[in-house]
Amino acid sequence: MRIAVYPGSFDPVTLGHGDIIERTAKMFDKVIIGVLNNNVKTPLFSVEERVNMLKEVTAHLPNVEVQSFEGLLVEFLRRNDAQVIVRGLRAVTDFEYELQMAQTNRVMAPEIDTIFLTTNLKYSYLSSSIVKEIAFYDGQISQFLAPEVEERVRAKVAERAEGTV
Ligand code: PNS
């Protein structure tokens with residue numbers, strides 16, 4: 001069984017991520033979306049919230065599952081018997097960081113390969129950080145996110161503005 005892991009922070013999942021997930025799901029028997037539970041970065045959404053949003057937007061894809069992980073990505077792949085890491089490449093600016101991660105992961109786990117999918121041109125400028133920034137300034141975000149995710153971002157931004165989170 002060919003199993004791929006698509007890892008990331010997904011804070012929150014965008015339509016650009018969704019596009020990569022759909023395409024990866026056609027190429028592998030199973031795709032596991034690995035949501036990093038990272039103590040260093042301070043995400044807008046908790047790991048549970050990020051996992052739940054991903055589950056909602058991938059509910060129509062039977063061979064996709066969503067899990068959170070802590071620690072090394074390659075160990076997460078090993079635990080799940082996965083062979084391939086999938087990452088999206090938007091522009092050349094992504095390349096240096098992605099190459100460094102892929103090479104490091106390869107040294108740690110030579111049996112695991114990283115493949116890159118070029119993002120759909122439509123989403124080549126898109127990032128979760130930019131979407132959050134637009135949302136905080138009350139701009140329109142509906143063209144970047146699935147409707148259920150947009151709703152959650154709006155709610156979270158409103159909570160922050162009220163000082164309840
Ligand atoms: O969406 P992101 O934040 O660019 O994803 C980064 C991610 C989660 C792929 C990366 O930070 C990661 O793999 N972290 C897990 C820790 C790890 O294995 N680090 C060594 C990789 S070089």
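Every value quoted in this text rests on a predicted model; they were computed, and no experiment measured them.

Caption draft 1: Examining the UniProt feature "site: Transition state stabilizer" (unreviewed entry) in the chain more closely. If you check UniProt for "site: Transition state stabilizer" (unreviewed entry), the listed places come out as His17 in our numbering. Note on placement: His17 falls in helix H1 (residues 15–27). Once residues lying within four places of it in the same chain are set aside, the contact partners of His17 are Tyr6, Phe10, Pro12 and Ser128.

Caption draft 2: Local environment of the layout of surface pockets. Its boundaries defined by the atoms lining it, the largest pocket holds a volume of some 1,100 Å³. In this structure, the largest pocket is lined by 42 residues; those nearest its centre are Gly8, Ser9, Lys41, Arg87 and Tyr97. Among the secondary structure elements, those contributing two or more residues to the lining of the largest pocket are strand S1 (3–8), H1, helix H3 (73–79), strand S4 (84–89), helix H4 (92–108), strand S5 (113–118) and helix H5 (128–136). At 8 residues, H4 tops the list of elements feeding residues into the lining of the largest pocket. Of the residues contributing to the lining of the largest pocket, the split by class is 18 nonpolar, 16 polar and 8 charged.

Caption draft 3: Here's a closer look at the packing of aromatic side chains. A full pass over the atoms with the stated rule returns 3 aromatic pairs. Pairing Tyr6 with Phe10 gives two aromatic rings, centres 5.3 Å apart and planes at 70°, and the pair type is edge-to-face. Summarising the burial analysis for this pair, Tyr6 and Phe10 share the class buried. When the centroid spacing of 4.8 Å and the interplanar angle of 20° are considered together, the rings of Phe69 and Phe76 count as stacked. By the burial criterion, Phe69 is buried, and Phe76 matches it.

Caption draft 4: Structural view of the environment of Val131. The residue Val131 is located in helix H5 in this model. Note: C-alpha distance between Val131 and Lys156 (25 residues apart in sequence) is 13 Å. In contact with Val131, not counting residues within four places along its chain, are Thr14, Leu126, Ile141, Phe144 and Leu145.

Caption draft 5: Expanded view of helix H6 (residues 147–162). Between the first and last C-alpha of H6 there are 23 Å, a value that for 16 residues agrees with the 22 Å anticipated at 1.5 Å per step. Restricting attention to buried positions, one finds in H6 the residues Val149, Glu150, Val153, Lys156 and Val157. Projection of H6 onto a plane perpendicular to its axis shows the buried side chains occupying an angular sector of 130°, all on one side. Exposed side of H6, more than 90 degrees from the buried face: Pro147, Glu151 and Glu162 are the residues found there. Tucked into the core, H6 has its buried residues touching helix H2 (47–57) and H5.

Caption draft 6: Focus on the sheet that holds strand S3 (residues 64–69). Spatially, S3-S2-S1-S4-S5 is the arrangement adopted by the 5 strands of the open sheet, whose pairing is parallel. Bordering the open sheet on either side are S3 and S5, each of which pairs with just one other strand. The mean angle between the axes of side-by-side strands here comes to 30°, regardless of whether they run parallel or antiparallel. Strands in contact with H2 are strand S2 (30–36) and S3; relative to S2, the strand with the most contacts, it is inclined by about 155°. Taken strand by strand, H4 contacts S4 and S5, and its axis lies near 170° from that of S4.

Cut-off values and rules
- Residues numbered from 1 in each chain as written.
- Predicted model: local features only at pLDDT ≥ 70, side-chain atom pairs only at ≥ 80, totals over all residues.
- Heavy atoms only, no water.
- UniProt positions renumbered as here; feature names shortened; annotations may be inferred.
- Helix = DSSP H or I, 4+ residues; strand = E, 2+ residues; numbered from the N terminus.
- Contact = heavy atoms within 4.5 Å.
- 1 Å grid on protein atoms, 1.4 Å probe; cavity = no way out; pocket = protein on both sides within 12 Å on 5 of 7 lines; lining within 4 Å.
- Points joined across faces, edges and corners; volume = space filled by probe spheres on them.
- Nonpolar A, V, L, I, M, F, W, Y, C, P; charged D, E, K, R; others polar.
- Phe/Tyr/Trp six-rings, centres within 6.5 Å; stacked < 30°, edge-to-face > 60°.
- Buried < 20%, exposed > 50% of the residue type's maximum accessible area, 1.4 Å probe, protein only.
- Expected span 1.5 Å × (residues − 1).
- Arc of directions from axis to C-beta.
- Pairing = 2+ DSSP bridges.
- Axes fitted to C-alpha atoms, helices over the stretch in contact; angles between N-to-C directions.

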